[in-house]
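Listed below are the residues making up each chain.
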Amino acid sequence: MSRPLFATIHLDSMQHNLAQARTCAPLAKIWAVVKADAYGHGLERALRGFASADGLALVELESAIRLRQLGWIKPILLLEGFFEAADVPLLAEHNIATAVHSIEQVKLLEYTQLYRPIDVYLKMNTGMNRLGFPPAEYAAAWQRLHAIRDVRSITHMTHFANADELEHPRLTIAEQVRRFQLGAADLAGERSLSNSGGVLHQAELADQLSNDWVRPGIMLYGGTPGGRSAQEFGLRPTMTLRSEVIGIQHIGPGDTVGYGSRFEAEGPMTIGVVACGYADGYPRSAPHGTPVIVDGVRTTLVGRVSMDMMTVDLTPIPNARIGSKVTLWGDGLPIDDVAQAAGTIGYELMCALAPRVRVTEGRLGTDG
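Residues numbered from 1 in each chain as written. Predicted model: local features only at pLDDT ≥ 70, side-chain atom pairs only at ≥ 80, totals over all residues. Heavy atoms only, no water.

**Structural notes on the overall build of the chain**
Part 1 of the reasoning: Along its length, the chain carries eleven helices and 18 strands.
Part 2 of the reasoning: Each principal axis of the C-alpha atoms in the chain carries an extent, and together these give about 75 × 45 × 35 Å.
Part 3 of the reasoning: In the chain, buried positions account for 55% of the 368 residues.
Part 4 of the reasoning: Restricting to contacts in the chain with at least 6 residues of sequence separation, those with at least 24 account for 63%.
Part 5 of the reasoning: Element-wise, carbon and sulfur atoms account for 51% of the exposed surface of the chain, whose accessible area totals about 16300 Å².
Part 6 of the reasoning: Positive and negative charge centroids in the chain, built from 33 and 39 side chains respectively, lie 3 Å apart. (Helix = DSSP H or I, 4+ residues; strand = E, 2+ residues; numbered from the N terminus. Buried < 20%, exposed > 50% of the residue type's maximum accessible area, 1.4 Å probe, protein only. Contact = heavy atoms within 4.5 Å. Areas by Shrake-Rupley, 256 points an atom, 1.4 Å probe, with all protein chains shown as cover. Lys, Arg positive; Asp, Glu negative; His and termini not counted. Charge placed at Lys NZ, Arg CZ, Asp CG, Glu CD.)

**Let's talk about the domain arrangement of the chain**
Part 1 of the reasoning: The domain architecture assigned to the chain consists of domain 1 (11–223) and domain 2 (239–361).
Part 2 of the reasoning: Contacts between the two partners involve ten residues from domain 1, matched on the other side by eight residues from domain 2.
Part 3 of the reasoning: Taken over both partners, the interface formed by domain 1 and domain 2 buries close to 850 Å², and the fraction arising from carbon and sulfur atoms is 63%.
Part 4 of the reasoning: Three residues stand out in domain 1 for area buried against domain 2, namely Y39, R45 and I218, and they jointly supply 48% of the buried area on that side.
Part 5 of the reasoning: Along the contact surface separating domain 1 from domain 2 lie two salt bridges.
Part 6 of the reasoning: We note a salt bridge from E361 to R48, for which the minimum N-O separation is 2.5 Å.
Part 7 of the reasoning: One can count two residue pairs in polar contact (both at pLDDT 80 or more) joining domain 1 with domain 2.
Part 8 of the reasoning: For the side of domain 1 that touches domain 2, the secondary-structure elements that each account for two or more residues are α2 (35–39) and α3 (43–49).
Part 9 of the reasoning: Tallied by class, the residues present in the side of domain 1 that touches domain 2 amount to five nonpolar, three polar and two charged. (Domains from an automatic or database assignment. Buried area = accessible area lost by both parts, 1.4 Å probe. Salt bridge = Lys/Arg side-chain N within 4 Å of Asp/Glu carboxyl O. Polar contact = N/O pair within 3.5 Å; in protein donor to acceptor, adjacent residues only side chain to side chain. Nonpolar A, V, L, I, M, F, W, Y, C, P; charged D, E, K, R; others polar.)

**As for helix α8 (residues 173–183)**
Part 1 of the reasoning: All of the buried residues in α8 are I173, Q176, V177, F180 and G183. The buried side chains of α8 occupy one side of the element, clustering within an arc of 130 degrees when seen end-on.
Part 2 of the reasoning: In this fold, the buried residues of α8 make contact with α7 (135–146), β7 (151–157) and β8 (191–192). (Arc of directions from axis to C-beta.)

**Describing the UniProt feature "modified residue: N6-(pyridoxal phosphate)lysine" (unreviewed entry) in the chain**
Part 1 of the reasoning: The positions that UniProt labels "modified residue: N6-(pyridoxal phosphate)lysine" (unreviewed entry) are, in the present scheme, K35.
Part 2 of the reasoning: Within the secondary structure layout, K35 lies in helix α2.
Part 3 of the reasoning: The contact partners of K35, leaving out residues within four places of it in the chain, are A57, L58, V59 and E60. (UniProt positions renumbered as here; feature names shortened; annotations may be inferred.)

**With respect to the pattern of salt bridges**
Opposite charge on two side chains permits pairing when their charged atoms draw close.
Part 1 of the reasoning: Under the criterion given, the structure shown has 17 salt bridges.
Part 2 of the reasoning: Here R45 makes a salt bridge to E361, at a shortest N to O gap of 3.3 Å. Linking R45 in helix α3 with E361 in strand β18 (residues 358–361), this pair joins segments that are 316 residues apart in sequence.
Part 3 of the reasoning: A residue is classified by how much of its surface remains accessible, and E361, at 34% relative accessible area, is partly exposed.
Part 4 of the reasoning: As a salt-bridge pair, E110 and R144 come within 2.7 Å of each other at their nearest N and O atoms. Remark: R144 occurs in helix α7 and E110 occurs in helix α6 (residues 103–111); sequence separation between them is 34 residues.
Part 5 of the reasoning: Under the relative-accessibility criterion, R144 is labelled partly exposed at 33%.
Part 6 of the reasoning: Shared partners join several salt bridges into a network, and the residues in it are R3, D280, D308 and R356.

**Digging into the nonpolar core**
Part 1 of the reasoning: Counting residues in each nonpolar core, the largest one holds 110 residues, and the members touching the most others are V34, F50, L109, L145, Y282 and M310.
Part 2 of the reasoning: The two domains that each donate at least three residues to this core are domain 1 (11–223) and domain 2 (239–361).
Part 3 of the reasoning: For L145, the residues in contact, after removing those within four places along its chain, are V100, V106, L109, V120, L122, V151 and I154.
Part 4 of the reasoning: By size, the runner-up hydrophobic cluster in this structure holds seven residues, among which are V257, F263, A265 and I271. (Core = buried A, V, L, I, M, F, W, Y, C linked by side-chain atoms within 4.5 Å.)

**With respect to the UniProt feature "active site" (unreviewed entry) in the chain**
Part 1 of the reasoning: Taking the numbering used here, the UniProt-annotated feature "active site" (unreviewed entry) corresponds to K35 and Y259. Spanning 225 residues, the named residues do not form one spatial group; their C-alpha atoms are separated by as much as 35.2 Å.
Part 2 of the reasoning: Note that Y259 resides in the loop between β11 (256–257) and β12 (263–264).
Part 3 of the reasoning: Take Y259: its relative accessible area is 59%, and that puts it in the exposed class.
Part 4 of the reasoning: In contact with Y259, not counting residues within four places along its chain, are R304 and S306.

Next up, the structure:
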């Protein structure tokens, strides 16, 4: 009998969330972001869940090639670009578009002859201060790329630092857009600005943003970058992590639970042991009070998460037993709620799902 822990991927929710992105940005083409093995959901599943996307975007060249091998014929974009000269011919061979964010990448393209041209997304640093050319240097980089015979097209791109908070006190979207427009003024080419936050707030930003391509990521997987909840945006969870109660303990006042004896009972309690721990991808940082669902009833984590197990409060669920079903996130329990309690973000929980967790497919609202 296999350990009773499994993740269910809801392809119907992936399709629904992509449709929500189109509703938010109806005039833009969509890069569905599938980096990190499609946020832990699997590239093969992403191909089916996002089959109607206009393109797939990621950061791993080997995964981009894998998408071609799996039969994806529409555009693919490398969001971080290429890393060495040997990568460049592979872009042409597999018809993969690439971000260009540094003068070193421009030079490699100048000195590499390709058997067919490639498409380039030239990245501007408008305040994120990770990758990209400053606005004052952007036009010169564009001119150099434009002069390269094997560059077929140049799309202008930037990345928002605070798209979840439209009026961020340090850096607003409006200010980043202003810098972008200044740096790309009078330069030909399509534009791609919006990540999930920008897409979700597209209506509020309609007078500021002009996207030919948008790049939704976390929203496609039923999470949000912050601000309102996924449910408020009409998004559905795409991954449900479930387990079972494998042990029950009855404790009294003053008894402690778990490593470090950090949780102490104030009165009589029933404690359930659940087959899931940090080696499965559940955050060890999750504190007492982190929500879980047992037999359809919302309760809480108690004690410290260990490698293979965690303990939950079964006191409000008197009929709980060995084998009771436990939802750790997903259907009925937003992953963002768990992430917030653990001091992290839903992205990390999805991407941290361990290889030893069995993965199945099922429609949302079923047991998978």
